Amino acid sequence: MTTTDTPMDTPPPVSQVELLIGGMTCAACAARVEKKLNRMDGVTATVNFATEKARVTYPAGTEVADLIATVVKTGYTAEEPAPPAPAPGDEEPQGPADPELSALRQRLAVSALLAVPVVLLAMVPALQFDYWQWLSLTLAAPVVVWGGLPFHKAAWTNARHAASTMDTLVSVGTLAAFGWSLWALFLGDAGMPGMRHGFDLTVSRTDGTATIYLEVAAGVTAFLLLGRCLEARAKRRAGAALRALMELGAKDVAVLRAGREVRIPVGQLSVGDRFVVRPGEKIATDGTVVEGSSAVDASMLTGESVPVDVTAGDTVTGATVNTAGRLVVEATRIGADTRLARMARLVEDAQNGKAEVQRLADRVAAVFVPVVLLIAAATFGGWLGATGDTVAAFTAAVAVLIIACPCALGLATPTALLVGTGRGAQLGILIKGPEVLESTRRVDTVVLDKTGTVTTGRMTLQEVRVAEGADEKQVLRLAGALEHASEHPVARAVAAGAAERAGELPAAERFENVPGRGVRGRVEGHEVTVGRLFDGPLPEELAEAKKHAELGGRTAVVVGWDGEARGVLAVADAVKETSGDAVRELRALGLRPVLLTGDNRRVAEAVAAEVGVEEVIAEVLPEEKVEVVRRLQAEGRTVAMVGDGVNDAAALAAADLGLALGTGTDAAIEAGDLTLVRGDLRVAADAIRLSRRTLGTIKGNLVWAFGYNVAALPLAAAGLLNPMIAGAAMAFSSVFVVTNSLRLRTFRETPLQSGASLT
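Calculation criteria
Residues numbered from 1 in each chain as written. Predicted model: local features only at pLDDT ≥ 70, side-chain atom pairs only at ≥ 80, totals over all residues. Heavy atoms only, no water. Helix = DSSP H or I, 4+ residues; strand = E, 2+ residues; numbered from the N terminus. Buried < 20%, exposed > 50% of the residue type's maximum accessible area, 1.4 Å probe, protein only. Contact = heavy atoms within 4.5 Å. Areas by Shrake-Rupley, 256 points an atom, 1.4 Å probe, with all protein chains shown as cover. Pairing = 2+ DSSP bridges. Axes fitted to C-alpha atoms, helices over the stretch in contact; angles between N-to-C directions. Core = buried A, V, L, I, M, F, W, Y, C linked by side-chain atoms within 4.5 Å. pLDDT = per-residue confidence, 0-100. Parallel < 35°, antiparallel > 145°, perpendicular 65-115°, else oblique. Left-handed = near helix turned anticlockwise from the far one by under 90°. Salt bridge = Lys/Arg side-chain N within 4 Å of Asp/Glu carboxyl O. Right-handed = clockwise from strand over helix to strand, strands pointing away. UniProt positions renumbered as here; feature names shortened; annotations may be inferred. Phe/Tyr/Trp six-rings, centres within 6.5 Å; stacked < 30°, edge-to-face > 60°. Polar contact = N/O pair within 3.5 Å; in protein donor to acceptor, adjacent residues only side chain to side chain. Expected span 1.5 Å × (residues − 1). Bend = angle between axes of the 7 residues up to and from the residue. Patch = residues over 30% accessible without salt bridge, like charges linked within 9 Å, V, L, I, M, F, W, Y side chains within 5 Å. Nonpolar A, V, L, I, M, F, W, Y, C, P; charged D, E, K, R; others polar.

Novice: Run through the overall build of the protein, naming residues and quoting values.
Specialist: Each helix and strand in the protein was counted, giving 25 helices and 26 strands. Residues counted as buried form 53% of the 759 residues belonging to the protein. Restricting to contacts in the protein with at least 6 residues of sequence separation, those with at least 24 account for 70%. Split by element, the accessible area of the protein, about 33400 Å² in all, is 56% carbon and sulfur.

Here's what the structure looks like:
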């Protein structure tokens with residue numbers, strides 16, 4: 001019997017596309033589109049009402065056209081993904097910011113102008129002259145028919161597909177009120193000269209043939225148009241941060257061609273091209289500085305207000321601003337691969353996602369409208385049976401139809417996500433998805449990688465002690481001259497520190513590297529040794545300095561020449577200036593910090609003591625970091641992990657919440673749930689605060705949305721609300737939810753000084 005190596009259960013290849021969905025007016029619409037798409041074989045779709053987008057994963061054999069056809073059959077519109085945007089320099093001049101919003105405002109202005117007199121005539125008997133009701137009809141008819149046309153069209157489309165949404169409730173309610181008024185005017189007694197009309201906040205018994213509801217039909221339509229207009233404007237403001245992020249890039253660039261500068265659109269740049277950036281200009285794309293030095297302002301990407309010094313060999317990011325000298329940069333990433341483009345994608349992915357709490361709201365919204373229609377019918381029947389008053393029964397039923405608001409449910413999560421993730425992007429915090437927000441609330445332990453996270457990740461010269469009679473500058477010059485020829489990290493730190501403190505370094509002769517012990521050679525006529533090559537006794541002050549450095553977790557380097565020890569250099573991976581503040585902020589958030597490192601315990605404990613961490617796990621191999629995270633989880637802790645290296649990627653993925661420093665490797669950034677664009681550990685505390693506040697806003701919105709409907713529907717059914725008051729309440733419930741979300745725009749970073757309040 002033979003066997004083959006062919007895999008038996010290879011999953012079929014899938015593709016992903018983002019569709020722009022048109023015609024959705026409430027959460028029930030989004031739920032319908034999502035349900036229809038998910039019924040297709042192998043298709044998984046998520047539809048976001050606030051962003052009006054569908055993120056669809058589909059198998060081979062299914063075409064994008066099939067997905068669009070399904071959406072169209074459901075009664076909405078869908079567009080294929082737009083081709084890649086042209087280079088910013090090639091863009092056409094933009095027209096109105098939002099044509100749909102402009103049209104909506106125009107419809108609102110006309111409707112409000114006509115509706116206000118209708119409402120005043122109905123509510124103030126003193127204004128009611130003979131035949132006032134016919135003027136009301138003349139003014140109300142355009143409002144109901146033309147002003148409410150978007151509601152009627154959407155309701156008709158839904159009815160053709162045997163479905164119902166909020167528009168169904170609005171259309172049925174306003175047309176019923178308008179139809180009753182027409183019947184009373186033309187066939188009843190309401191059209192008689194001298195007819196008077198009172199206004200009550202609750203249902204009252206009157207003669208049905210003499211009762212008109214023109215103020216309800218016109219007023220509700222105007223209120224809902226106002227609500228939809230405010231909602232659209234607020235949603236646009238909610239997404240402003242992402243749009244601003246995507247528009248940060250430079251429009252053109254001065255590329256070097258045969259030694260000459262040639263201006264071209266950024267879209268024509270290629271990897272490997274060298275381009276010039278003058279003071280005040282934006283850096284066109286990600287690259288490496290090959291000539292010049294300057295300070296670069298990256299505040300628009302990282303939130304870091306202090307410009308960063310760069311020189312030849314340093315990397316720079318597109319869309320940052322050159323503040324000082326002239327730079328020549330070699331492009332390393334272009335287009336969709338740039339850091340800016342990747343940031344924008346991460347933010348957009350998060351905004352298109354759904355938190356678990358939102359899925360509950362979606363399930364409620366999907367059945368909400370049919371339930372409200374049943375409640376309205378039951379209200380009419382109940383009132384008619386109990387009182388025999390058709391007018392009272394009709395008024396209560398219309399109030400039920402009009403006050404119901406599934407929109408607030410649909411907007412509760414996505415608007416908060418839009419604002420929260422957008423604000424995060426402005427501060428250099430990228431939230432990968434809404435489920436991340438729920439993790440931040442539960443986290444009680446934060447594991448901090450040492451190298452590159454708590455420390456700078458670069459060895460630096462920290463202390464110099466010289467023997468009696470020796471000159472510090474000479475010690476540094478001779479040691480630096482030898483170490484300059486070595487590639488060892490300690491050697492590079494000594495050479496850089498010596499050059500900075502003692503000036504230009506002399507040349508070394510007969511250089512020799514002794515692995516594990518140090519270097520030796522001849523410098524300025526002296527036989528110099530650096531490291532552990534010096535075999536003689538150390539003077540007391542140098543022996544004490546060496547012992548003190550090693551107890552502090554630093555590397556002690558002995559410098560000697562001509563048979564005598566002249567100095568001890570202490571080298572270490574320096575702790576970032578802000579790490580101590582960051583640990584205090586994390587503690588203030590209720591988190592227990594743990595320092596995790598592969599370094600030796602003495603070094604780790606020295607670093608931990610400096611930043612205020614009590615729990616240290618040291619001498620851990622890269623592959624063992626995952627086991628440490630899982631062991632902490634097994635102890636019942638909910639673990640956040642902060643790291644930046646390749647060896648942190650698995651631990652970041654295993655943690656309940658992974659925070660990747662954006663200054664680290666791509667592997668770590670991909671594995672993290674939150675990406676901190678700036679390499680400052682304080683941003684980790686800001687990220688957790690922002691995530692928690694965004695989650696709190698979502699929950700507050702949902703409590704309001706559910707609570708509003710739970711309270712409002714019984715009041716309307718009990719006849720305690722006039723339909724026009726119900727319409728105003730419904731319109732402003734959605735506005736409240738969006739406005740509450742916009743408060744996240746005021747989120748601020750933690751003040752820089754130690755011990756600042758985190759409230």
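Novice: Lay out the sheet that holds strand β12 (residues 321-322) in plain terms, naming residues and giving numbers.
Specialist: The sheet built from 3 strands is open, its strands ordered β10-β9-β12 with antiparallel pairing. The sheet is open, and its two borders are formed by β10 (308-310) and β12, each paired with just one other strand. Bridging between strand β9 (residues 294-297) and β12 involves 2 bridges; their strand directions are antiparallel. Opposite aspartate 297, over in β12, you have valine 321 as the bridge partner.

Novice: Can you break down the sheet that holds strand β19 (residues 526-531) residue by residue, with the values?
Specialist: Through backbone hydrogen bonds, the strands of a sheet pair up, either in parallel or in antiparallel fashion. Spatially, 6 strands are ordered β16-β21-β20-β19-β18-β17 in an open sheet, and the strand pairing comes out antiparallel. At either end of the open sheet lies a strand with only one pairing partner, and these are β16 (455-466) and β17 (508-514). Neighbour-to-neighbour, the strand axes of the sheet open up by a mean angle of 20°, direction not taken into account. Bridge count for β19 against strand β20 (residues 555-561) is 4 bridges, and the pairing is antiparallel. For valine 528, the partnering residue across the bridge sits in β20 and is tryptophan 561. Relative to the sheet, helix α17 (residues 489-502) contacts β16, β20 and β21 (564-575), its axis offset from that of β16 by approximately 60°.

Novice: Lay out the nonpolar core in plain terms, naming residues and giving numbers.
Specialist: Core analysis: the largest hydrophobic core is formed by 77 residues, its most contacted members being Leu19, Ile21, Leu37, Val56 and Leu67. The element contributing the most residues to this core is helix α7 (residues 214-238), with 9 residues. Apart from residues no more than four positions distant in its own chain, valine 56 is found in contact with Ser15, Gln16, Val17, Leu19, Leu37, Val43, Thr44, Ala45 and Leu67.

Novice: How would you explain the confidence of the model for the protein if you had to name every residue and give the values?
Specialist: Regions with low pLDDT should not have their predicted coordinates read in detail. When pLDDT is averaged along the protein, the result is 79, and 82% of the positions lie at 70 or above. When pLDDT is averaged over each element of the protein, helix α4 (residues 132-147) comes out on top at 93 and helix α23 (residues 666-671) at the bottom at 56. Every residue in residues 84-96 is under pLDDT 50, and counting partners more than four places away or in other chains gives 8 contacts.

Novice: Please set out the packing of helix α16 (residues 472-483) against α17 residue by residue, giving values where relevant.
Specialist: Helices that pack against each other are described as a pair by the angle of their axes relative to one another and the distance between those axes. Remark: α16 packs on α17, axes separated minimally by 8 Å, with the N-to-C direction vectors making an angle of 140°. Considering their axes alone, α16 and α17 lie oblique with respect to each other. α16 and α17 meet at a crossing whose hand is left-handed. Between α16 and α17, the residues in contact are Lys473, Leu476, Arg477, Ala479, Gly480 and Glu483 and Ala491, Val494, Ala495, Ala498, Arg501 and Ala502, respectively.

Novice: So what's going on with the pattern of salt bridges? Which residues, and what values?
Specialist: When their charged atoms lie close together, side chains carrying opposite charge are able to pair. Counting across every chain of the model gives 23 salt bridges. Across the salt bridge formed by glutamate 261 and arginine 278, the nearest N and O atoms sit 2.7 Å from each other. Taken together, the positions of glutamate 261 in strand β6 (residues 260-265) and arginine 278 in the loop between β7 (274-277) and β8 (286-291) put the pair 17 residues apart, joining distant regions of the chain. Among the residues examined, glutamate 261 registers a relative accessible area of 32% and is labelled partly exposed. Between glutamate 527 and arginine 510 there is a salt bridge, with the nearest N and O atoms lying 2.6 Å from each other. Separated by 17 residues along the polypeptide, glutamate 527 in strand β19 and arginine 510 in strand β17 bring together distant segments of the chain. Judged by relative accessible area, which is 57%, arginine 510 ranks as exposed. Through salt bridges with shared partners, one network takes in Glu261, Arg278, Glu291 and Arg326.

Novice: So what's going on with the pairing of strand β22 (residues 592-596)? Residues and values would help.
Specialist: Among the 5 residues in β22, 4 count as buried, and that is most of the element. Strand direction decides the pairing type here: β22 and strand β23 (residues 615-617), joined by 3 bridges, are parallel. Its bridge partner being in β23, valine 594 is matched across the sheet by glutamate 615. Remark: the β22/helix α20 (residues 601-611)/β23 crossover connection has right-handed handedness.

Novice: Talk me through the UniProt feature "transmembrane region" (unreviewed entry) in the protein; I want residue IDs and the actual numbers.
Specialist: Here, UniProt's "transmembrane region" (unreviewed entry) annotation points to residues 108-125, 131-149, 169-188, 208-227, 364-386, 392-419, 701-718 and 724-742. Between the end C-alpha atoms of residues 131-149 the distance is 27 Å, and the span holds 89% helix and 0% strand.

Novice: So what's going on with the packing of aromatic side chains? Residues and values would help.
Specialist: The way to describe two aromatic rings as a pair is by their centre distance and the angle between their planes. Applying the stated criterion across every chain, the model contains 4 aromatic pairs. Taking the centre distance of 5.7 Å and the plane angle of 65° together, the rings of tryptophan 180 and tryptophan 183 count as edge-to-face. Placement of both tryptophan 180 and tryptophan 183 in helix α6 (residues 166-186) is noted, with a separation of 3 residues, approximately one turn of the helix. Ring geometry for tryptophan 704 versus phenylalanine 736: centroids 4.6 Å apart, planes at 45°, classification tilted. Here the residue tryptophan 704 occupies a position in helix α24 (residues 682-717), and phenylalanine 736 occupies one in helix α25 (residues 723-742), the gap between them amounting to 32 residues.

Novice: Talk me through the side chain of glutamine 128; I want residue IDs and the actual numbers.
Specialist: Relative to the helices and strands, glutamine 128 is located in the loop between α3 (99-123) and α4. Classification of glutamine 128 as buried rests on a relative accessible area of 3%. Reaching out from glutamine 128, the side chain makes a polar contact with the backbone oxygen of leucine 121 at a distance of 2.7 Å.

Novice: Just give me the short version of α4, but keep the residues and values in it.
Specialist: Between its first and last C-alpha atoms α4 spans 22 Å; for 16 residues at 1.5 Å apiece the expected length is 22 Å, and the two agree. The largest bend along α4 reaches roughly 30° and is located at alanine 140, with the proline proline 142 sitting one to four residues downstream.

Novice: A description of a nonpolar patch on the surface should follow, citing residues and the corresponding values.
Specialist: Taken together, Val116, Leu120, Met123, Val124 and Leu127 make up a surface patch of nonpolar side chains, about 390 Å² in accessible area. One can find leucine 120 in helix α3.

Novice: Could you give me a rundown of unusual backbone geometry, with the residues and numbers involved?
Specialist: At tyrosine 131, a residue that is not glycine, the phi angle is positive and equals roughly 70°. Within the secondary structure, tyrosine 131 sits in the loop between α3 and α4. Non-glycine residue glutamate 524 carries a positive phi angle of around 50°. Relative to the elements of secondary structure, glutamate 524 occurs in the loop between β18 (518-523) and β19.

Novice: Talk me through the packing of α6 against helix α12 (residues 390-403); I want residue IDs and the actual numbers.
Specialist: Their axes nearest at 8 Å, the elements α6 and α12 cross at an angle of 150°. The angle between α6 and α12 falls in the class roughly antiparallel. The handedness of the crossing between α6 and α12 is left-handed. Residue-level contacts link Leu169, Val172, Gly173, Ala176, Ala177 and Trp180 of α6 to Thr390, Val391, Phe394, Val398, Leu401 and Ile402 of α12. A per-class count over the contact of α6 with α12 returns 10 nonpolar, 2 polar and no charged.

Novice: Can you tell me about the environment of leucine 632, naming the residues and giving the values?
Specialist: Mapped onto the secondary structure, leucine 632 falls in helix α21 (residues 625-634). For leucine 632 and alanine 655, which are 23 residues apart along the polypeptide, the C-alpha to C-alpha distance reads 9.6 Å. Excluding residues within four positions of it along the chain, leucine 632 makes contact with Val447, Glu615, Arg637 and Val639.

Novice: Describe helix α18 (residues 540-551), listing the residues and the values that go with them.
Specialist: The end-to-end C-alpha separation of α18 is 16 Å, in line with the 16 Å expected for 12 residues at 1.5 Å each. Residues of α18 that are buried sit in contact with β16, β20 and β21. Glycine 553 sits one or two residues past α18 and shows a positive phi near 80°.

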